[in-house]
Amino acid sequence: MVGERTLAIIKPDAVKKSVIGDIIRRYEAAGLKPIAIRMTQLSKSAAEGFYAVHRQRPFFDSLTTFMSSGPVVILVLSGDDAIKRHRELMGATDPAKADPGTIRALHGTNIEFNAVHGSDSPETARFEIGYFFSDTELGVR
Ligand code: IDP
Ligand code: MG
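Chains are numbered independently. Their residues run from 1 in the order of the written sequence. Here every chain gets a letter starting at A, and every ligand a number starting at 1, in the order they are written. Residue-level local features of this predicted model are given only where pLDDT is at least 70; pairs of side-chain atoms are given and counted only at 80 or more, and the full residue set underlies all totals for whole chains, interfaces and linings. As a rule here, side-chain values cover all heavy atoms of the structure and leave hydrogens and water aside.

Please clarify how the packing of aromatic side chains should be interpreted in this entry.
Two descriptors summarise a pair of aromatic rings, namely the distance from one centre to the other and the angle between the planes of the rings. Here a pair means two rings of Phe, Tyr or Trp (six-membered ring of Trp) with centres within 6.5 Å. Their orientation is stacked below 30 degrees between planes, edge-to-face above 60, and tilted elsewhere. Applying the stated rule across the entire model yields 6 aromatic pairs. Centre to centre, the rings of F50 and Y51 are 4.9 Å apart; their planes meet at 80 degrees, and the pair counts as edge-to-face. With respect to class, F50 is no different from Y51; both count as buried. Centroid distance F66 to F113: 4.5 Å. Interplanar angle 40 degrees. Geometry classified as tilted. In this pair, F66 sits in helix α4 (residues 60-67) while F113 sits in the loop between α6 (103-107) and β4 (116-118), placing the two residues 47 residues apart along the sequence. Aromatic ring contacts, followed pair by pair, group F50, Y51, F127, Y131 and F132 into a single cluster. Only Lys NZ and Arg CZ are tested; either one counts as a charge over a ring when it is within 6 Å of the ring centre and within 35 degrees of the ring normal. Between the NZ or CZ atom of R38 and the centre of the ring of F133, over which it lies, the distance is 4.6 Å. For every residue, the accessible area obtained with a 1.4 Å probe (protein chains only) is divided by the maximum for its type, and the residue is called buried under 20%, exposed over 50%, and partly exposed between those limits. Only DSSP runs of H or I with at least four residues qualify as helices, and only runs of E with at least two residues qualify as strands; both kinds are numbered from the N terminus onward.

Explain the site of ligand 1 to me, please; I cannot follow it from the model alone.
Residues are labelled near a given molecule or strand when at least one of their non-hydrogen atoms is within 4 Å of it. Near ligand 1, the surroundings consist of K11, H54, R57, F59, L63, R87, T93, R104, I111, E112 and N114. Here an oxygen atom of ligand 1 and a side-chain polar atom of R87 are 2.9 Å apart. Counting of polar contacts relies on pairs of N or O atoms within 3.5 Å, with two restrictions inside protein: one atom must be capable of donating a hydrogen and the other of accepting it, and residues adjacent in sequence are counted only when both atoms are side-chain atoms. One nitrogen or oxygen atom from the main chain of E112 is found 2.8 Å from an oxygen atom belonging to ligand 1. For accessible areas, the Shrake-Rupley method is used with a probe of radius 1.4 Å. Any residue's cover is judged against the shown protein chains and nothing else. Taking 530 Å² as the accessible area of ligand 1 by itself, protein coverage stands at 80%.

Help me out: how do you make sense of the side chain of T102 in this one?
Residue position: T102 is located in the loop between α5 (82-90) and α6. Here, two residues are considered to be in contact whenever any of their heavy atoms come within 4.5 Å of each other. Look past the residues within four positions of T102 in its chain and what remains in contact with it is E88, L89, M90 and G91.

Here is the structure:
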């Protein structure tokens, strides 16, 4: 889709490793333009709401504790086929299985501390963008 939007999160592990700039540089180099950006620290309940689809998974409590453990950078990225191209740039969920050169291969630690989040479908992108950004913040673009 032309000018598609997706939600990206630079997770607490990546912020701690001081690779915010490297990751945003990779988005821009791939033609994924940041159109909204915020640095914040999520509460446990905000992380639980964001990952509500994973509520029944065994790693839910650990994941939401991790995601609320330190600052994150939340971005809306825009570009042609942004959802799919962002997922390719991120690499597989488990950094050990991610293709060389992907963000998770470069900066992820393990299947949980894997540096970045990316929406996986148009429906989840709509939910995730709306979870963090108002229409006013997204502006007239
Ligand atoms: P994705 O981030 O590649 O879309 P999901 O399956 O949606 O992967 O899982 C959401 C997040 O939950 C992952 O990015 C990772 O941080 C964590 N996670 C996924 N699978 C596991 C697991 O088996 N153990 C621990 N954490 C996991
Ligand atoms: Mg996912």
